[in-house]
Amino acid sequence: MKSTNEMKLTMESRSVNEGFARVAVTAFTAQLDPTIEEINDIKTAVSEAVTNCIVHAYPETVGRIYISASIYDNLTVRIKIRDSGVGIPDIKKAMEPLYTSLGGERAGLGFAVMESFMDKVRVRSVPGKGTTVTLEKKIRGRDE
Amino acid sequence: MAARIFYEKDTMTVFLDGEIDHHSAAIIRAGIDEAILASRPGTLVLDFGGITFMDSSGIGLVMGRYRLLRALGGELVMTNLPESISKVMRLAGLEKLGRIEEREVTV
Ligand SMILES: Nc1ncnc2c1ncn2[C@@H]1O[C@H](COP(=O)(O)OP(=O)(O)OP(=O)(O)O)[C@@H](O)[C@H]1O
Ligand SMILES: [Mg+2]
């Protein structure tokens, strides 16, 4: 399927960029005329994926986070959030609600939030190479 | 984002505002914990009235304060939950950690 519009952005894995990343992606999706709830869903899911890059992918270093968003059929947005960090050894386990490899103040709910707020969540990861999270949502919008 | 904190008898109320994400949670946590340890409140009220965004880092923040409070023998109350964060709160089951009170507070 060919996208009808696309944007890409790259940023350093600094926590101060979390707000910028989620606002940039939701501003791009505004052309689909989403509801406030849909905007909030996308904002929250993007925040989860970007935070995971900052906290988990590059635990001791500052690396790069690559974000792209594409629009299909003027209806669906697909967002990719990629890092070249440590990777995830067991994706199935990582995606279980309440699982966290860090403990402490982490709830282990990032993937659960992404899955419940978006229509599709796909995770590809190679330990030592990095992780790509793909989030997809059909925008139903205001008047239907 | 600095949390404003008020005391009344042994109740400590924290008025949260702005966005709670991983970036801001560390700063908010430090402020709240310092106040909890200094005053050892019987009740901690977290007022979410001014919150415009919250993700799982906010969930972690609430769970962590709940644990600290429980260790000190206090209870947690959450109030003025905006519609925009109710979805993430429900998903995390935060209502099981403390009382949710609906109320209008202005300071
Ligand atoms: N980009 C990533 N790179 C490496 N590991 C990751 C990445 N994203 C997630 N993980 C792993 O998957 C686990 C689960 O992620 P999830 O976001 O669900 O929970 P969390 O980040 O640990 O806690 P929370 O998101 O609630 O603060 C993480 O603890 C981490 O081990
Ligand atoms: Mg996470």
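Read on for an overview of the structure.

Rules of the game
Residues numbered from 1 in each chain as written. Chains lettered and ligands numbered in written order. Predicted model: local features only at pLDDT ≥ 70, side-chain atom pairs only at ≥ 80, totals over all residues. Heavy atoms only, no water. 1 Å grid on protein atoms, 1.4 Å probe; cavity = no way out; pocket = protein on both sides within 12 Å on 5 of 7 lines; lining within 4 Å. Points joined across faces, edges and corners; volume = space filled by probe spheres on them. Helix = DSSP H or I, 4+ residues; strand = E, 2+ residues; numbered from the N terminus. Nonpolar A, V, L, I, M, F, W, Y, C, P; charged D, E, K, R; others polar. Pairing = 2+ DSSP bridges. Right-handed = clockwise from strand over helix to strand, strands pointing away. Axes fitted to C-alpha atoms, helices over the stretch in contact; angles between N-to-C directions. Contact = heavy atoms within 4.5 Å. Core = buried A, V, L, I, M, F, W, Y, C linked by side-chain atoms within 4.5 Å. Buried < 20%, exposed > 50% of the residue type's maximum accessible area, 1.4 Å probe, protein only.

Residue and element names in this part refer to chain A. The computed volume of the largest pocket comes to approximately 640 Å³. Lining the largest pocket are 32 residues, with Asn 52, His 56, Ile 88, Ser 101 and Phe 111 positioned closest to its centre. Secondary structure elements with two or more residues in the lining of the largest pocket: α2 (36-57), β3 (76-83), α3 (91-94), α4 (110-117) and β5 (130-138). Looking at which element gives the most residues to the lining of the largest pocket, the answer is α2, with eight residues. Across the lining of the largest pocket, the residue classes tally to 16 nonpolar, 10 polar and six charged.

Moving on: the pairing of strand β2 (residues 11-20) of chain B. Residues and elements named next belong to chain B. Pairing between strand β1 (residues 4-8) and β2: five bridges, direction antiparallel. Residue pairing across strands places Tyr 7 opposite Met 12, the latter belonging to β2. Counting the residues between successive antiparallel strands, the hairpin from β1 to β2 contains two residues, one of them, Lys 9, with a positive phi of roughly 50°. In terms of handedness, the path from β2 via helix α1 (residues 22-39) over to strand β3 (residues 43-54) forms a crossover that is right-handed.

Okay, the sheet that holds β3(B) next. All names here are of chain B. Taken in spatial order, the five strands line up as β1-β2-β3-β4-β5 in an open sheet, and their pairing is mixed. Either end of the sheet is taken by a strand with one partner, and the two such strands are β1 and β5 (99-101). Within the sheet, the average angular offset between the axes of one strand and its neighbour, ignoring direction, is 25°. Contacts from α1 reach β1, β2 and β3, with the element oriented near 175° to β2.

Here we take up the sheet that holds β5(A). All names here are of chain A. Strand order in the open sheet formed by five strands is β1-β2-β3-β5-β4, with antiparallel pairing between adjacent strands. Sheet topology places β1 (3-12) and β4 (120-126) at the edges, where each strand pairs with a single neighbour. Here the strands of the sheet are splayed against their neighbours by 10° on average, with no regard to which way each runs. Bridge count between β4 and β5: seven bridges; the pairing is antiparallel. Paired with Val 121 across the strands is Leu 135, a residue of β5. Across the face of the sheet, α4 comes into contact with β4 and β5 while running at roughly 30° to β5.

Attention now goes to the nonpolar core. Formed by 35 residues in total, the largest nonpolar core has its most connected members in A:Ile65, A:Ile67, A:Ile79, A:Ile81 and A:Leu135. Considering each element in turn, this core owes the most residues, eight residues, to α2(A). Setting aside its immediate chain neighbours within four residues, A:Ile79 contacts A:Val25, A:Ile42, A:Val46, A:Ile67, A:Ser68, A:Ala69, A:Met118, A:Val133, A:Thr134 and A:Leu135. Among the nonpolar cores identified, the runner-up in size contains 32 residues, and B:Leu61, B:Met63, B:Leu94 and B:Leu97 belong to it.

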